[in-house]
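Descriptive structure summary
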Amino acid sequence: MTIKLNGSTAGSVALDAPASTTGNADIAFKLPVADGSANQVIKTDGSGNLSFGGAGKLLQMQTMSQNARITVSSNTGTYYVTGLTLNITPVAASSKILILVQGGYYIIGGTSGAISIFRGGTNIGHSTHGFVTINAQDNHQDSFGLHHVDAPSYSVGDTLTYDVRLVRLAGSNNFYGPVADGSYATSRITLIEVGA
């Protein structure tokens, strides 16, 4: 079946039903009461009720960088704060936070370490190995990049704090980061709120 609407001077627009529905069910859609705003889409609640709303989007971005580094020189199993810390205050409910981190490290041979991201003091990576684990037989310097989509529990207006931390897992030599050389390198953390 087709519903055809004719233009006032020429042309027409038609809505066509599918040849059949799942289980040959009768499906009814209830149109919104009012027009939506610019750039909104018609969406369904899954029960036949249509409304205007956003299609999901990037709501805000925060970023910071630094060129300081820390030295981790003990195997305590404790992640050390690097100073690469950033806050974000979500402006919408049920948003996700895309976390992007770039930096570097220098590790002396015979040592292993890990790099992780914390939210409000809680490790959101693996409890021991974080997001990146480094095992060095010889002295090693390199860059790293992390990305993670976090789905935190919060209320609109709450401030979420994310930070990058390091731990030495084994060995007796030093592990440096989140930059390999504090004189020449920069580390960066970026937080992006993605609307539901």
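Preceding block: the structure.
Think of each chain on its own: its residues are numbered from 1, step by step along the sequence as written. A pLDDT threshold of at least 70 governs which residues receive local features in this predicted model, and a stricter bar of 80 or more applies before side-chain atom pairs are shown or counted, although totals over entire chains, interfaces and linings include all residues. Note that the side-chain values use all heavy atoms of the structure and ignore hydrogens as well as water.

**Some words on the overall build of the protein chain**
Helix and strand definitions here come from DSSP, where helices need a minimum of 4 consecutive H or I residues and strands a minimum of 2 consecutive E residues; each element is numbered from the N-terminal end. When helices and strands are counted, the protein chain shows zero helices and 15 strands. Here the radius of gyration uses the C-alpha set of atoms, whereas the globule reference equals 2.2 Å times the residue count to the power 0.38. The C-alpha radius of gyration computed for the protein chain amounts to 26 Å, which surpasses the reference 16 Å derived for 196 residues by more than 25%, pointing to a less compact arrangement than a globule. Counting only C-alpha atoms, the protein chain reaches 80 × 35 × 30 Å along its principal axes. Exposed residues in this analysis have more than 50% of their type's maximum accessible area, buried residues have under 20%, and partly exposed residues fall in between, with area computed by a 1.4 Å probe over protein chains only. Going through the 196 residues of the protein chain one by one, you find that 32% of them count as buried. When contacts within the protein chain are restricted to residue pairs at least 6 apart in sequence, long-range pairs at least 24 apart make up 74% of them. Areas reported as accessible are Shrake-Rupley estimates using a 1.4 Å probe. Residue values count occlusion only from the protein chains shown. Put simply, the protein chain shows about 11,600 Å² of open surface, and 50% of that area lies on carbon and sulfur atoms. With 10 positive and 11 negative side-chain charges, the protein chain shows a spacing of 3 Å between the two charge centroids. In this description, contact between two residues means that some pair of their heavy atoms is separated by no more than 4.5 Å. Asp and Glu are treated as the negative residues and Lys and Arg as the positive ones, with His and the ends of the chain left uncounted. By convention, charge coordinates are those of NZ in Lys, CZ in Arg, CG in Asp, or CD in Glu.

**Considering the packing of aromatic side chains**
The rule is short: rings of Phe, Tyr and Trp, with Trp giving its six-membered ring, pair when the centres are within 6.5 Å, and they are stacked under 30 degrees, edge-to-face over 60, tilted in between. Across all of its chains, the model carries three aromatic pairs by this definition. Between Tyr105 and Phe175, the aromatic rings sit 6.5 Å apart at their centres with planes inclined by 65 degrees, giving edge-to-face as the arrangement. Of this pair, Tyr105 sits in strand S8 (residues 96-107) while Phe175 sits in strand S14 (residues 175-177), and the two are 70 residues apart along the sequence. Using a relative accessible area of 7% as the deciding quantity, one classes Tyr105 as buried.

**So, the pattern of salt bridges**
Any Lys or Arg side-chain nitrogen found within 4 Å of a carboxyl oxygen on Asp or Glu counts as a salt bridge. The full count for this structure, using the stated rule, is two salt bridges. Linking Asp150 and Arg119 is a salt bridge whose minimum nitrogen-to-oxygen distance equals 2.6 Å. Here Asp150 is found in strand S12 (residues 140-150), whereas its partner Arg119 is found in strand S9 (residues 111-119), with 31 residues between them in sequence. The buried category is assigned to Asp150, whose relative accessible area is 5%.

**Concerning unusual backbone geometry**
Pro178 follows Gly177 through a cis peptide bond whose omega is 0 degrees. Structurally, Pro178 can be placed in the loop between S14 and strand S15 (187-194). Of note, the phi angle at Asn24 is positive, near 55 degrees, even though the residue is not glycine. Mapping Asn24 onto the fold places it in the loop between strand S2 (12-16) and strand S3 (41-44). Relative accessible area serves as the criterion here: at 63%, Asn24 is assigned to the exposed category. Backbone geometry at Ser94 places phi at a positive 65 degrees, although glycine is not the residue there.

**Topic: the nonpolar core**
Judged by nonpolar contacts, the single largest core of 26 residues is most densely connected at Ile99, Val101, Ile115, Tyr162, Phe175, Ile189 and Leu191. Breaking this core down by element, the ones donating at least two residues are strand S6 (70-72), strand S7 (80-88), S8, S9, strand S11 (132-136), S12, strand S13 (160-170) and S15. Only buried residues count toward a nonpolar core, which is a set of Ala, Val, Leu, Ile, Met, Phe, Trp, Tyr and Cys residues joined through side-chain atoms within 4.5 Å.

**A short note on the environment of Tyr162**
Of note, Tyr162 is situated in strand S13. Classification of Tyr162 as buried rests on a relative accessible area of 0%. Counting along the chain gives 108 residues from Tyr162 to Gly54, while the straight-line C-alpha distance between them is 27 Å. Two N or O atoms count as a polar contact when they lie within 3.5 Å, although within protein this holds only if one can serve as hydrogen donor and the other as acceptor, and sequence-adjacent residues are included solely when both atoms are side-chain atoms. Among the polar contacts listed, one links the side chain of Tyr162 to the side chain of Asp150, at a separation of 2.6 Å.

**So, the pairing of S2**
Successive side chains on a regular strand alternate, one facing one side of the sheet and the next facing the other. Little of S2 sits out of view: just zero of its five residues are buried. Any two strands are treated as partners once DSSP identifies two or more bridges connecting them. Between the end of strand S1 (residues 2-6) and the start of S2, which pair antiparallel, lie five residues, with Gly11 showing a positive phi angle near 80 degrees.

**Topic: the side chain of Asn123**
For Asn123, the location among the structural elements is in strand S10 (residues 122-123). Taking relative accessible area as the criterion, Asn123 reaches 19% and is therefore assigned buried. Look past the residues within four positions of Asn123 in its chain and what remains in contact with it is Tyr79, Ser116, Ile117 and Phe118.

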